[in-house]
Amino acid sequence: MKAKIFLYPMSAIVLLALLTGCDHFAAFGTRSDAQVASDVQNKINADANVPNKQLGVTSDHGVVTLSGTANSDMERTAAANDAGQVQGVKTVVNNIQVFSAANQPPVTPMSDNTAASVNPPADTTSSNPGTSPTRLRHRSPSKPRPDSAYTDTSNSGSSTANTTNTASTSAPAYTPPPQPVTVAEGTMLAVSLIDPLSSESNKTGETFRASLETPLVGDDGRVAIPAGADIEGRIVDAKPSTHFSGSSNLALELTRITVGGKSYDIATNQWAKKGAGRGARSAETIGGGAAVGALIGGLIGGGKGAAIGAGAGGAAGTGVQAATHGEAIKLPSETRLDFRLASPVTVTPVASTRRQPVQ
């Protein structure tokens, strides 16, 4: 009997100690508001979907309030989701304003009936009358937590529409850069001379200017080089019409083409022309002069006179021929010449255009 009387007080003491210990450990596991706010801030800073890291974060007994501005609704929602995933957060009050919506005039507060129609009772938790903002419970889509929610205090529908309209009206249409075009070997290059050329005045190795007469089209049908492009060429050989030795000669090639402010080296075949020379007529003129001179000298002074007359007649024929030159080659400005590419050339066109079909 005495043992039972002693056992009851001891049991009460043990039970009291257990209850006190549970409260002690529960209090030990509770996180401070500063720790919760710090963890929420670190979570937002580590999220690449939230570029703005200057958001305000406060915590009061598990109720975290977010403030500041965001560039889009997606960024605003991502910050709220990050806060809801932190241990110790029970409710998230999202006061973050979307930047485009923050500049709009203040919206007239909705009545209780209007708020009830917009937010069905099944998805909302009504706050006390006169308390703002209204807290809407929303589970995090990335990591559901039974004790996490956030409050949407802005008109997200209107801000989304404003953001979409602004993006559609202000953002310029993206134009991809033109892709390189290759002009095949053997393509015809019709050019028009800018500088006049002559076998008599120009020298071998000199350069000349020309312009492209017709556009060059690449393998894919796009115009690689438009008509009017600047072209540079080189005189490969220039031989004037000299005494006795024959005819004049002029040979040209193209070396460079410029399009869109960029110059490209090119290789072409040679355009060449040879002037008409004196040929056999030169020998006949000189020989005829010698024969006539010999005949006259023979009549006057016999054999010795014939020899002297032949020499004089030959010299006279030579003098006549020296005064006569072969045909000179002259190419005035705007003369059209045709070349062909000796190797393919790849260029970046000014614009991505395709050759128009011939009607």
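Placed above this text is the structure.
The model shown is predicted, which means the values in this text are computed figures rather than measured ones.

**Description of the pattern of salt bridges**
Side-chain pairing between opposite charges can occur once the charged atoms of the two side chains come close. Summed over all chains, the structure comprises five salt bridges. The closest approach of N and O atoms between Arg-209 and Asp-195, which form a salt bridge, is 2.8 Å. With Arg-209 in strand E10 (residues 207-212) and Asp-195 in the loop between strand E8 (188-193) and strand E9 (197-198), the pair connects residues that are 14 residues apart, well separated along the chain. Arg-234 is the salt-bridge partner of Glu-253, the closest N and O atoms lying 2.7 Å from each other. With Glu-253 in strand E14 (residues 249-259) and Arg-234 in strand E13 (residues 230-239), the pair connects residues that are 19 residues apart, well separated along the chain. On the basis of relative accessible area, Arg-234 is assigned to the partly exposed category, the value being 32%.

**Description of the pairing of E10**
One ladder, built from three bridges, connects E8 with E10; its direction is antiparallel. When the sheet's bridge partners are listed, Ser-192 is paired in E10 with Ser-211. Across five bridges, E10 lies against E13 in antiparallel orientation. Looking across to E13, one finds that Phe-208 is bridged to Gly-233.

**Here we look at helix H3 (residues 73-84)**
The end-to-end C-alpha distance of H3 is 17 Å, a good match for the 16 Å that twelve residues give at a rise of 1.5 Å each. In terms of residue burial, H3 counts as a mostly covered element, since ten of its twelve residues are buried.

**Some points on unusual backbone geometry**
Although it is not a glycine, His-61 adopts a positive phi angle of roughly 55°. Note that His-61 resides in the loop between strand E1 (56-60) and strand E2 (63-67). One non-glycine residue with positive phi stands out, namely Glu-334, at about 75°. Along the chain, the position of Glu-334 falls in the loop between strand E17 (330-331) and strand E18 (336-340).

**Digging into helix H2 (residues 33-45)**
Taking 1.5 Å of rise per residue, 13 residues should cover 18 Å, and H2 covers 18 Å from first to last C-alpha, within 8% of that figure. Taken as a whole, H2 has its buried residues at Val-36, Ala-37, Val-40, Gln-41 and Ile-44. Viewed along the axis of H2, the buried residues span an arc of 135°, placing them on a single side of the element. At its buried positions, H2 is contacted by E1, E2 and H3.

**Side note on the nonpolar core**
Counting 31 residues, the largest nonpolar core has Ile-225 and Leu-252 as the members making the most contacts within it. Secondary structure elements with two or more residues in this core: strand E7 (181-183), E8, E10, strand E12 (223-225), E13, E14, E18 and strand E19 (345-347). Here the element with the most residues in this core is E14; it accounts for five residues. In contact with Leu-252, not counting residues within four places along its chain, are Leu-197, Phe-208, Arg-234, Ile-235, Val-236, Asn-269, Gln-270, Trp-271, Leu-331, Leu-337 and Phe-339. Formed by 18 residues, the second largest nonpolar core is a distinct cluster that contains Ile-44, Ala-78, Ala-80 and Ala-83.

Rules and cut-offs
- Counting from 1, residues in each chain are numbered in the order their sequence is written.
- Only residues with pLDDT of at least 70 are given local features in this predicted model, and only at 80 or more are side-chain atom pairs given and counted; all residues enter the totals for whole chains, interfaces and linings.
- Excluding hydrogens and water, the side-chain figures rest on all heavy atoms present in the structure.
- Should a side-chain nitrogen of Lys or Arg be within 4 Å of a carboxyl oxygen of Asp or Glu, the pair is scored as a salt bridge.
- Only DSSP runs of H or I covering at least 4 residues are called helices, and only runs of E covering at least 2 are called strands; the numbering of each starts at the N terminus.
- Each residue is assigned to one of three classes by its accessible area relative to the maximum for its type, calculated with a 1.4 Å probe on protein chains only: buried under 20%, partly exposed between the two thresholds, exposed over 50%.
- When DSSP finds at least two bridges between two strands, those strands are taken to pair.
- Helix span, as expected, comes to 1.5 Å for every residue beyond the first.
- The directions considered for the arc run from the helix axis to the C-beta atoms.
- Only heavy atoms enter the contact rule, under which two residues are in contact if any of them lie within 4.5 Å.
- Nonpolar cores are built from buried Ala, Val, Leu, Ile, Met, Phe, Trp, Tyr and Cys residues. Side-chain atoms within 4.5 Å join them into one set.

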